[in-house]
Amino acid sequence: MLKASVFFHFFVHFSLYLLKTGSMKKTLAVFAHPYLEHSNSNVELINFYVRHQHFTLRDLYEEYPDFHIAAFRERKRLKNYDRFIFQFPIIWFGMPPLLRLWIDEVFDRNWLNEEEENPLEGKEVYIVVTTGGKERSFSREGTYHYTVEELISGLIVSLKVFKANIKDIIIVYEANKLSKKEIILQKQKFAELLNQ
């Protein structure tokens, strides 16, 4: 199955990278999904983050249900991590609104000044995007006429401006069609690779 192999590709690629680099980098997973109860693939992946000590999961919809971002606290938190994962679904052809707000509130243009500490500079970043749509729909010739990368370009450009090192953008198409068994099997293989 193509969709399962795409999901597995993410796990294998990411876990091999973690193993190669020592896998002990403190990692912050910034997660934003307004309808998490309807997403088996996202639930399983965030459970992986929770079970591993060098990952910290921040579920923005859990932490900020009122959309009032504690920007100072979030900026301070970013300084404590070596690597970042931004994980979210495509919602109405873009990022979830709370993630967009979090970026607007937390990313600070003062980080561009040489005398200011930039907590993103040189840090590894992975972007993990899920969508129920088919890969062919997200192309110039497809149904939506835009790629997923184009739809999330605000995040990509922001990270590049702040000199983050975007290692990979992983897109899981048709994520809602992965069976629970497929997701669990892929997650287990990922965990085994990390624990070798």
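Just above sits the structure.
The sections below set out a description of the structure shown in this document. (Residues numbered from 1 in each chain as written. Predicted model: local features only at pLDDT ≥ 70, side-chain atom pairs only at ≥ 80, totals over all residues. Heavy atoms only, no water.)

The next thing to look at is the nonpolar core. F86, F88, L99, W102, F107, I127 and L159 are the most contacted members of the largest nonpolar core, which has 36 residues in total. Elements represented by at least two residues in this core include exactly strand 1 (27–31), helix 3 (60–63), strand 3 (83–89), helix 5 (97–106), strand 4 (124–130), helix 6 (148–151) and helix 7 (153–161). Per-element tally for this core: the top contributor is helix 5, with 5 residues. If we ignore the near neighbours within four places in the chain, the residues touching L159 are F86, F107, L120, V125, I127, A164 and I166. F55, Y126, V172 and L178 belong to the second largest nonpolar core, which has 14 residues in total. (Core = buried A, V, L, I, M, F, W, Y, C linked by side-chain atoms within 4.5 Å. Buried < 20%, exposed > 50% of the residue type's maximum accessible area, 1.4 Å probe, protein only. Helix = DSSP H or I, 4+ residues; strand = E, 2+ residues; numbered from the N terminus. Contact = heavy atoms within 4.5 Å.)

Further remarks concern the sheet that holds strand 3. Pairing is parallel in the open sheet, where 5 strands are placed in the order 2-1-3-4-5. The strands lining the two open edges of the sheet, one partner per strand, are strand 2 (55–59) and strand 5 (165–172). Here the average twist between neighbouring strands, direction ignored, is 15°. Here strand 3 pairs with strand 4 via 7 bridges, running parallel. Bridging from a neighbouring strand, F86 pairs with I127 of strand 4. (Pairing = 2+ DSSP bridges. Axes fitted to C-alpha atoms, helices over the stretch in contact; angles between N-to-C directions.)

The next point concerns the side chain of E74. Positionally, E74 belongs in helix 4 (residues 71–78). Among the polar contacts listed, one links the side chain of E74 to the side chain of W102, at a separation of 3.2 Å. Discounting residues that sit within four places of it in the chain, E74 has contacts with E63, Y64, I69, W102 and V106. (Polar contact = N/O pair within 3.5 Å; in protein donor to acceptor, adjacent residues only side chain to side chain.)

The values reported here are purely geometric and, on their own, carry no functional implication.
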